Amino acid sequence: MVLEGNPEVGSPRASDLRHPGNQGTCVLSPPSEDAQPGVEPIKYGELIVLGYNGCLASGDKGRRRSRLALSRRPHANGVKPDVMHHISTPLVSKALSNRGQHSISYTLSRSHSVIVEYTHDSDTDMFQIGRSTENMIDFVVTDTSPGGGAAEGPSAQSTISRYACRILCDRRPPYTARIYAAGFDASSNIFLGERAAKWRTPDGLMDGLTTNGVLVMHPAGGFSEDSAPGVWREISVCGNVYTLRDSRSAQQRGKLVENESNVLQDGSLIDLCGATLLWRTPAGLLRAPTLKQLEAQRQEANAARPQCPVGLSTLAFPSPARGRTAPDKQQPWVYVRCGHVHGYHGWGCRRERGPQERECPLCRLVGPYVPLWLGQEAGLCLDPGPPSHAFAPCGHVCSEKTARYWAQTPLPHGTHAFHAACPFCGAWLTGEHGCVRLIFQGPLD
């Protein structure tokens, strides 16, 4: 069956393209010599799905959740390239039938395929992400609809791949995490069909892209108060970085970006064509506000006893334990064009512009009038600043720097469009700035 073995696969460049395999089928290494019973494993980082304010609408359950921590495994389960074979297509099924052998198959034509076999890598841990609920997927991700929530029902066709991507983490400091397009299936294979974008690299290796692609954006200046959005790139099956294709599923790849890598940084965004994930490092999470800090900010805001400037009723942000249900009587509402905060009232409607369009009684600006909800996913915040700004038009509240960063960050949508969106619910942002400074009126006594 083997017509050609490629010695270049063992070269330094090939060994750099380490691909993780699924935990259930790869060969396990002996227990780590520095593992200690009762000691928490080393955390590589956390993945947070944008569009959920701290929890899935149906609740976080098992591998289907809004946030997942990636920690060092008791046994390494990574794999790395080993041998490349050129074979005839009738023999492909035989070559891929061994579940204990990880491989990537590149179908070049009906009579020619290239299969790259992988061997166990004791230096890496692998984590796979996709919409499949099979055991080899560590993080089950479903499509997120604009405005929050998952696309549900039999008519909702997902654009997220069953085996979307995989993340490889070094088991030794500095615990570098790298991302690769596509994941190994239940047979320990990745299969790129005849229509998939694929090519031979200058050094004789194979590489390719998945149908809808895996896009990554690294923020400029890290994920902090000084952050700015970076440039969206596409990651290949072998972890190389390319400029975006003309459309999401075009067969012609973009240009190779040689001075960039697939190493994840604090604040890196991963788009799977239907859901976008944020990568946070342990060091970055230490700078983020805690849930206790967010709760203290809520209580401090309520202690200031803000009032409705017209009805003169005292306003209060609801407890996050109550969830985002119907607003209560004390719920603060905002005119998102001007930022004036009121209690709920029924006047000022502009029916010709829609049920949410109201005229602010203080400044007469007409625009959406929505309840305010505190952002409760701390990992999405750039700093622990006070909740002073709200996204338009959804009304989620966070610090000024957090609001301005997400308002200027374009997120992929569809095959070639980009929209800024609220990170807490996924609603597309509107208005000149995408967010507004909140103007509260204090108590009159």
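Computed from a prediction, not measured in an experiment: that's the story for all the values here.

Caption draft 1: Region of interest: the overall build of the chain. A count of helices and strands for the chain gives 5 helices and 28 strands. With 445 residues in all, the chain has 51% of them scored as buried. In the chain, the share of contacts with a sequence separation of at least 24, taken over all contacts with a separation of at least 6, comes to 65%. A total of about 20300 Å² of accessible surface is found on the chain, and carbon and sulfur atoms cover 52% of it.

Caption draft 2: Examining the sheet that holds strand β10 (residues 177-181) more closely. Strand order in the open sheet formed by 4 strands is β8-β7-β9-β10, with mixed pairing between adjacent strands. Strand pairing shows two members of the sheet lacking a second neighbour, β8 (139-140) and β10, which therefore form its edges. Strand direction decides the pairing type here: strand β7 (residues 124-130) and strand β9 (residues 165-170), joined by 6 bridges, are antiparallel. Counterpart to threonine 124 in the pairing with β9 is aspartate 170.

Caption draft 3: Molecular detail of the confidence of the model for the chain. Per-residue confidence for the chain gives a mean pLDDT of 84; residues scoring 70 or more make up 82%. Ignoring residues within four places in sequence, the model shows residues 1-34, a span with pLDDT below 50, making 108 contacts including any to other chains.

Caption draft 4: A look at the pattern of salt bridges. Inspection of every chain in the model, using the stated rule, returns 14 salt bridges. In this structure, arginine 287 and aspartate 266 form a salt bridge, with 3.1 Å as the shortest nitrogen-oxygen distance. Highlighted residues: arginine 287 in helix α3 (residues 282-287) and aspartate 266 in the loop between β16 (241-242) and β17 (269-271), separated in sequence by 21 residues. For aspartate 266, a relative accessible area of 8% translates into the label buried. In this structure, the salt-bridge partner of glutamate 295 is arginine 298, at a minimum N-O distance of 2.8 Å. On the criterion of helical spacing, the pair formed by glutamate 295 and arginine 298 is a turn pair, its members being 3 residues apart in helix α4 (residues 291-303). When its relative accessible area of 23% is taken as the criterion, glutamate 295 is described as partly exposed.

Conventions adopted
- Residues numbered from 1 in each chain as written.
- Predicted model: local features only at pLDDT ≥ 70, side-chain atom pairs only at ≥ 80, totals over all residues.
- Heavy atoms only, no water.
- Helix = DSSP H or I, 4+ residues; strand = E, 2+ residues; numbered from the N terminus.
- Buried < 20%, exposed > 50% of the residue type's maximum accessible area, 1.4 Å probe, protein only.
- Contact = heavy atoms within 4.5 Å.
- Areas by Shrake-Rupley, 256 points an atom, 1.4 Å probe, with all protein chains shown as cover.
- Pairing = 2+ DSSP bridges.
- pLDDT = per-residue confidence, 0-100.
- Salt bridge = Lys/Arg side-chain N within 4 Å of Asp/Glu carboxyl O.

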